[in-house]
Every structure is written in C-alpha cells, then in structure tokens.
Amino acid sequence: FPVTIPGKKTAAASSMQLLALQKPAIAKALQQLEQDGVQGVTAKPAAGRTNNTQNANSGDFIQSMLNHAAPAARAIGVEPQLIVAHAALESGWGKRNIKNADGSNSHNLFGIKATGNWKGATTDVLTTEYVDGVAQKRVERFRSYPSYAHAFADYARLLSTNSRYQDALNKGADAVGFARALAKGGYATDPNYAAKLSQVAGSEKMQIAARS
C-alpha cells in the first residue's frame, strides 16, 4: 500500500512495509490516504466564502482542509485541527503556497523538503532558514504533489516512519506537546517554531473547528 505519486517510484517503501507489520492501524489509515490521493481529491472552498477579512479567509482554509486532515490525524494519533494548524503555519493560511517553476501549485502545505530517498516531483524555492538563530535566505528543493490529498498522505507517512518525530505521535489534542515534539525532531530551523505552532493551534478559529 505505499503512498505513491502516479508515474513516480515511491519513497521509503521498506519503512512503509515495516510500518504495516508494526502498526497496522496506522498502515490502514495511510492506505485510505493513498486511495484518496489517487482519486485526485483537491480542497474545495467553504460555502459562502468571503474575501473581506483575514479571519474569514483563515476560516475558509480550516474548513477546506479538515476533510484531508481527518485520515492523516487518525494515522498519527492527533486531532485534525492540529494538522490543519501546522499546514496554516507553513503555508501562511494557504496564501504562501509553494509554486512549481511553471507557477502551478505544488500542494506542499507542510514545507516538506525533497531530501533523502524522495523520488517524486520537486520544485526549487527561495525560503528562510535559521543558522545559529540567524535568519538567512536560501534556495531549497521541496516536494511537489499532484493534489492536497497526496500532500497530507506524505505528511502522515513522514511523521509515522521517521524516528525523529516519534514523540509527536498520539498526542491527541495536546497542541503544545505536538508542537514541541516537532520542533525537537528538527522539523524547522526557526527557534520559535514550537511557540508559533502552539499559537496557531490555540487560535479561536481552531478552537471553533475542534468543537464542530
């Protein structure tokens, strides 16, 4: 059941096979994510969308991404709104989408770089990295996906199979614990990353989403 991008060789196939043996519940959720991705599911704007305020736009982003986040949340054992909060932080509530060279959407909401065994499509983007606490601009290579469903599937696979993020699994609704575990695992170089993610996850919009 490896998470794949059509026409591309899957990354980390061996780790996914091991996951199927050790954590069948996670494997089942990832299989569903794969099936959703192959169907080319894309996020749709919430009904009654308005463009008048930032709050309205952020609310639309949350609603449009919650359906994608649900199976990914089951795979890694956290509430869906925490995953949406992570996507919101990385993508600027969907306003700073990573673009491909031709200007099309890479659907990479989580800022996942094309490192290691990644064999899928990529795109080079100017980004900010922190070196010894100092922000620097540099060009980095990121993964590119054919749909948001593929992006969420790969995100769940990354957190489920990379030992660096094991402490982020099964955090439930613990936004602070989830954020700290991601930061500790080196998800980002920003020294204030955990605090920023916790703040987004604890925002009023996210709390409303958690109760809906």
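Note that the structure is predicted; figures quoted are calculated from it, not measured.

What counts, and at which threshold
Residues numbered from 1 in each chain as written. Predicted model: local features only at pLDDT ≥ 70, side-chain atom pairs only at ≥ 80, totals over all residues. Heavy atoms only, no water. Salt bridge = Lys/Arg side-chain N within 4 Å of Asp/Glu carboxyl O. Helix = DSSP H or I, 4+ residues; strand = E, 2+ residues; numbered from the N terminus. Buried < 20%, exposed > 50% of the residue type's maximum accessible area, 1.4 Å probe, protein only. Axes fitted to C-alpha atoms, helices over the stretch in contact; angles between N-to-C directions. Parallel < 35°, antiparallel > 145°, perpendicular 65-115°, else oblique. Left-handed = near helix turned anticlockwise from the far one by under 90°. Contact = heavy atoms within 4.5 Å. Nonpolar A, V, L, I, M, F, W, Y, C, P; charged D, E, K, R; others polar. Core = buried A, V, L, I, M, F, W, Y, C linked by side-chain atoms within 4.5 Å.

Looking at this model, I keep getting lost on the pattern of salt bridges. Mind explaining?
When their charged atoms lie close together, side chains carrying opposite charge are able to pair. Under the criterion given, the structure shown has six salt bridges. Note that arginine 157 is salt-bridged to aspartate 154, the shortest N-O span being 3.1 Å. Of the two residues, arginine 157 and aspartate 154 are both situated in helix α5 (residues 148-161); the distance of three residues between them amounts to about one turn of the helix. For arginine 157, a relative accessible area of 5% gives the class buried. With a closest N to O distance of 2.6 Å, lysine 196 and aspartate 190 form a salt bridge.

Can you help me understand the packing of helix α4 (residues 80-91) against helix α7 (residues 193-201) in this one?
Two measures define how a pair of helices packs: the angle their axes make with one another and the distance between the axes. Look at α4 against α7: their axes get within 9 Å of each other, and the N-to-C directions meet at 120 degrees. Between α4 and α7, the crossing angle belongs to the class labelled oblique. Viewed along their axes, α4 and α7 form a crossing whose handedness is right-handed. Within the contact between the two elements, α4 uses Leu82, Ala85, His86, Ala88, Leu89 and Glu90 and α7 uses Tyr193, Lys196, Leu197, Val200 and Ala201. Taken together, the residues of the contact of α4 with α7 break down into eight nonpolar, one polar and two charged.

Looking at this model, I keep getting lost on the nonpolar core. Mind explaining?
If you look at soluble globular proteins, the nonpolar side chains tend to sit buried side by side. Of all hydrophobic cores here, the largest spans 45 residues; its most connected members are Ile76, Ile83, Tyr155, Leu159, Phe178 and Tyr187. If you list the elements that add at least two residues to this core, you get α3 (54-76), α4, α5, α6 (175-184), α7 and α8 (204-211). Of all the elements, α3 adds the most residues to this core, at nine residues. If we skip the residues at most four places from it in the chain, leucine 159 touches Ile76, Tyr165, Gln166, Leu169, Phe178, Leu182 and Tyr187.

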